[in-house]
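Here is how the chains run, residue by residue.
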Amino acid sequence: MDFKELRKEYETQGIDDSQLDANPFVTMQSWLQVATDSAPSHWFESNAMTLATAGTDGIVSSRTVLLKGIDENSIRFYTNYGSTKGKQLAENPNASVTFHWAWLGRQVQMRGSVAKTSREDSKAYFHSRPRGSQLGALASEQSTRIESREQLEKIRADLEAKFDGQEIPLPENWGGYALTPQFIEFWQGRLDRMHDRVVYEKNGDGVWQRYRISP
Ligand SMILES: Cc1cc2nc3c(=O)[nH]c(=O)nc-3n(C[C@H](O)[C@H](O)[C@H](O)COP(=O)(O)O)c2cc1C
């Protein structure tokens, strides 16, 4: 396959400054809404984002996680605190997330600092998930080496039997993270690679500044 020949023009209207709110979270809510409402297929997860983290050794890793909450200054996702990302975030709370809504020619990037959400928040979200997902989270020491698929299935089956008819407890090492961005970039693809890039950056007083950057 010749990837050099894979070329696409982004024929979108671009970003109209008059439609941008002073608060990037208002703009983000609106872009998420458009992405969700216009998703070209039921399987597409408009809340999927690539999360990049790095530990103190400087080694960067990235993976997809799902956005599960957004408020006026942070976005939330849930995971295993002992996973690779969890260990890296414990060492270095700086992280970046990227959303890509290919059919809209849109991308959003956020950079900021991550902190664990409260135990109550994690409990509430954990118990809102299907029972099977709760068991899966309890069974999985995420990102650690396992003997085999069978070993994992057995751990899960044992837990299922153990908690039959009872509430599945929130695992100690599982919960939410809130990313509070200092930098948010809205990208809209346009013809001839003359894309629109609008950045919101928080200044020292915590006030959002907005400016454009070159494509
Ligand atoms: C569409 C999609 C959504 C995912 N959502 C999550 C999620 O919300 N939380 C999570 O821990 N892992 C999620 N994963 C799995 C992660 O990408 C990753 O494999 C896992 O978190 C372990 O990452 P780590 O070893 O870098 O910590 C998702 C994967 C995909 C493909």
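So, how was this worked out
- Residues numbered from 1 in each chain as written.
- Predicted model: local features only at pLDDT ≥ 70, side-chain atom pairs only at ≥ 80, totals over all residues.
- Heavy atoms only, no water.
- Helix = DSSP H or I, 4+ residues; strand = E, 2+ residues; numbered from the N terminus.
- Areas by Shrake-Rupley, 256 points an atom, 1.4 Å probe, with all protein chains shown as cover.
- Lys, Arg positive; Asp, Glu negative; His and termini not counted.
- Charge placed at Lys NZ, Arg CZ, Asp CG, Glu CD.
- Salt bridge = Lys/Arg side-chain N within 4 Å of Asp/Glu carboxyl O.
- Buried < 20%, exposed > 50% of the residue type's maximum accessible area, 1.4 Å probe, protein only.
- Contact = heavy atoms within 4.5 Å.
- Near = heavy atom within 4 Å.
- Polar contact = N/O pair within 3.5 Å; in protein donor to acceptor, adjacent residues only side chain to side chain.
- Nonpolar A, V, L, I, M, F, W, Y, C, P; charged D, E, K, R; others polar.
- Pairing = 2+ DSSP bridges.
- 1 Å grid on protein atoms, 1.4 Å probe; cavity = no way out; pocket = protein on both sides within 12 Å on 5 of 7 lines; lining within 4 Å.
- Points joined across faces, edges and corners; volume = space filled by probe spheres on them.
- Axes fitted to C-alpha atoms, helices over the stretch in contact; angles between N-to-C directions.
- Parallel < 35°, antiparallel > 145°, perpendicular 65-115°, else oblique.
- Left-handed = near helix turned anticlockwise from the far one by under 90°.

J.: Which residues make up the overall build of the protein chain, and what are the values?
T.: Helix and strand counts for the protein chain stand at five helices and nine strands. Mapped from its N terminus to its C terminus, the protein chain presents α and β elements in the order α-β-β-β-β-α-β-β-α-α-α-β-β-β. Expressed along its principal axes, the backbone C-alpha trace of the protein chain runs to roughly 60 × 50 × 35 Å. For the protein chain, the computed accessible surface area is about 12500 Å², with 49% contributed by carbon and sulfur atoms. Between the centroid of the 26 positive side chains of the protein chain and the centroid of its 29 negative side chains there is a distance of 2 Å.

J.: Go over the pattern of salt bridges, please, and point to the residues and values.
T.: Overall, the coordinates contain 11 salt bridges when judged by the stated rule. In this structure, the salt-bridge partner of Arg210 is Asp17, at a minimum N-O distance of 3.9 Å. Residue Arg210 is found in strand E9 (residues 208-212), and its partner Asp17 is found in the segment before helix H1 (24-38); the two are separated by 193 residues along the sequence. Taking the relative accessible area as the measure of exposure, Asp17 reaches 36% and is therefore partly exposed. A salt bridge links Lys154 to Asp158; its shortest N-O distance comes to 2.8 Å. Taken as a pair, Lys154 and Asp158 lie in helix H5 (residues 149-162) at a separation of four residues, close to a single helical turn. On the basis of relative accessible area, Asp158 is assigned to the partly exposed category, the value being 42%.

J.: Describe helix H4 (residues 131-139), with residues and values.
T.: For H4, the full list of buried residues reads Gln134, Leu135, Ala137 and Ala139. At its buried positions, H4 is contacted by helix H3 (119-128), H5 and strand E7 (174-188).

J.: For the site of the ligand, give the residues involved together with the corresponding values.
T.: What surrounds the ligand is the set Glu45, Arg63, Thr64, Val65, Leu66, Tyr78, Thr79, Ser83, Thr84, Lys85, Gln142 and Ser143. Within the side chain of Lys85, a nitrogen or oxygen atom sits 2.6 Å from an oxygen atom of the ligand. Take Ser143: an N or O atom from its side chain is 2.6 Å from an oxygen atom of the ligand. About the coverage of the ligand: the protein hides 63% of its 620 Å² of free accessible area. When residues of the shell around the ligand are traced back to their parent elements, those giving at least two are strand E2 (60-66), strand E4 (75-80) and helix H2 (84-91). Partitioning the shell around the ligand into residue classes produces three nonpolar, six polar and three charged.

J.: Any details on the pairing of strand E8 (residues 196-202)? Residues and values, ideally.
T.: Note that E7 and E8 share six bridges and pair antiparallel. From the neighbouring strand, Glu185 faces E8, where its bridge partner is Val199. Where E8 and E9 come together, five bridges link them in antiparallel fashion. Its bridge partner being in E9, Glu201 is matched across the sheet by Gln209. Joining the antiparallel neighbours E8 and E9 is a turn of five residues, in which Gly206 adopts a positive phi near 80°.

J.: Outline the layout of surface pockets, listing residues and values.
T.: Estimated volume of the largest pocket: approximately 310 Å³. Forming the boundary of the largest pocket are 17 residues, of which Tyr78, Thr79, Arg129, Gln142 and Trp174 lie nearest the centre. Counting residues per element, the ones that place at least two in the lining of the largest pocket are E2, E4 and H4. Grouping the constituent residues of the lining of the largest pocket by class yields seven nonpolar, six polar and four charged.

J.: Any details on the packing of H4 against H5? Residues and values, ideally.
T.: One way to put it is that H4 packs onto H5 with a least axis distance of 9 Å and a crossing angle of 120°. One element, H4, and the other, H5, form an angle in the oblique class. The handedness of the crossing between H4 and H5 comes out as right-handed. On H5, the residues touching Gly132, Leu135, Gly136, Leu138 and Ala139 of H4 are Leu152, Ile155, Arg156, Leu159 and Glu160. Considered class by class, the residues forming the contact of H4 with H5 number six nonpolar, two polar and two charged.

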